[in-house]
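# Remarks on the overall topology
Each chain, letter by letter, is given below.
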Amino acid sequence: MDLTKQFFKYVSQNIFGLLGTSCYILADTYFIAQAAGTDGVTLLNLCLPIYNFIFAIGSMIALGSATRYAIAKAQNDARGQRYFSNAILCAVLASIPWMLAGVFAPGALLRLMGGDAGIVTLGIPYARIFLLFTPFFMCNYIVSAFVRNDGDPSLAMVATLSGSLFNVVFDYIFMFPLGLGLAGAALATTIALYLSWLTSILYARRNYEGLQFPLLPHGYDKAQLAAILKVGVPLGLNNSLYSVGHVAVQAVYNMQGSVFVAGCSIAGRVTGIAGIAITSFSSAAVVFAGQNLGAGDPDRVRQAVRSGLLLSLGATALLTALVQLAAAPIIALFEPENAAVTAEGVRYLHICCSVNGLIYAAMYVFDSFAIGSGASWVAMCNAMLDAA
C-alpha cells in the first residue's frame, strides 16, 4: 500500500475514535452544566489537570511500550511480545498513588487545584470515583496503542466509539433518572472505559497471535522498562508540563469569578476537537518511525514525515476553521441562559484556537518522528520551551 494512504488510513480511524471521545466529553460537560450549573463546569476545569497528569503517565507507558513493540516486531524479535505485560505492570504501579488519593484525600487534591469550599464539597464524590478507576484509564491507553500498532487501528476505533456511546447514554441515566448527580457522571465514564478496555483485550486474545495479552501482569524486565521510558518520557513530560502550567493559570482564572472559569472550561473542551488531528498524527508518526527504522527503511521515514506534516496541517486547519465559525452556538449549548459565560468562552476560542494550532501541528509531528527515531531529547527540549 502507498505510504501516504497507509498513513492516512491509520490516522483517519484514530481520528474517528478521538471524535467519539470528544463527543462524550462534550456530552459530559453538557449534562454536568444542566445538573450543577457554573459550579459543575468549574469543577470539571479543576479536575482537568488531574486527568491530564493521569493521561500523561498512561500515554507515556502506552506509546513508549507500543513503539518498542513495533520496532521489535519489524526486527522479528520474539522478546517484543513481553512489552505488553511490562507496560500493564507499570500502569498498575503508577496508578497506586492516584487510587490512594481517591480514597483518603480527594478534597485535599481539589483544594490544591484551587477549589473553594463549595466546589470541593460538590466535587469529592466525582473525584473519588475517577481516581479509584485510574488503572483502567491507563490500561485502556495501553491496549489501544498495542492493537493499533499491530496493524488493526479499526478495532481500537470501534472500542473507543462503543465506550463513548455507552458513556453518553449512561451519563444521562445515572445523573437524572437515577439521581446520582456528578457521581453518576464519573461512574458512567469509568464503566465505559472498563468495557472498552475489556472488549479490546478479549478480542485481541482471540484474534492476534502476534500479541500476548495476559489479563494480569506478570514478569518484570528492567531493560524493557528503560526502553519504554526512553521513548515515552518526552511525551509524558509534555503533557505533565501542560498540567503544571494549567494549575498555575487556574489560580489566575479563579480570581476572575465563576462565569469566567465556566466559559474557559467549556471552551477548553471544544478546543480538544481542533486538537484531534494533532494527537492522531503524532501517535501515527511515532509508530511509523519505529516500524520503518526497525525494518531498516529510513527512506520511508522521510516520506512519512512529509506526508504526515501536510496531512496534519490540513486537518488541523479545517477543524480550527470549523470551531471558529461555530464558536458562539457551540458554547451557548452548555449555558443557553447565561450570555456572559458564552461571551467568555467565545473570546477564549478566538484567542487560543487559531493559527497557534498550525504551529503545534508541525511541532508535534516533528517531535513524534524524532521520538520514534530514538532522538527523544528533541521532543523533551521542545516541551520545556513550550512550557516556559
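Everything below is about the structure printed above this text.
Since this is a predicted model, take the numbers as computed values, not measurements.

### With respect to the overall build of the protein
Looking only at helices and strands, one finds 15 helices and 0 strands in the protein. Counting the 388 residues in the protein, one finds 53% classified as buried. Looking at the protein alone, contacts between residues at least 24 apart form 83% of all its contacts between residues at least 6 apart. Accessible area for the protein stands at about 16400 Å²; split by element, carbon and sulfur atoms hold 68% of it.

### Points about the packing of aromatic side chains
If you walk through the whole model with that rule in mind, you get 16 aromatic pairs. With a centroid separation of 5.8 Å and 65° between ring planes, the pair formed by Tyr126 and Phe130 is classed as edge-to-face. Separated by 4 residues within a single helix, Tyr126 and Phe130 lie in helix H4 (residues 117-132), roughly one turn from each other. Residue Tyr126 is classed as buried on the basis of its relative accessible area of 10%.

### Some points on the pattern of salt bridges
Here the structure, examined in full by the defined rule, presents 2 salt bridges. The partner of Asp299 in a salt bridge is Arg302, and the shortest N-O contact between them spans 2.2 Å. One end of the pair is Asp299 and the other is Arg302, both in helix H11 (residues 298-325) and 3 residues apart, which spans about a single turn. Accessibility expressed as a relative area gives 49% for Asp299, which makes it partly exposed.

Calculation rules
Residues numbered from 1 in each chain as written. Predicted model: local features only at pLDDT ≥ 70, side-chain atom pairs only at ≥ 80, totals over all residues. Heavy atoms only, no water. Helix = DSSP H or I, 4+ residues; strand = E, 2+ residues; numbered from the N terminus. Buried < 20%, exposed > 50% of the residue type's maximum accessible area, 1.4 Å probe, protein only. Contact = heavy atoms within 4.5 Å. Areas by Shrake-Rupley, 256 points an atom, 1.4 Å probe, with all protein chains shown as cover. Phe/Tyr/Trp six-rings, centres within 6.5 Å; stacked < 30°, edge-to-face > 60°. Salt bridge = Lys/Arg side-chain N within 4 Å of Asp/Glu carboxyl O.

The values are spatial; any link to function lies outside them.
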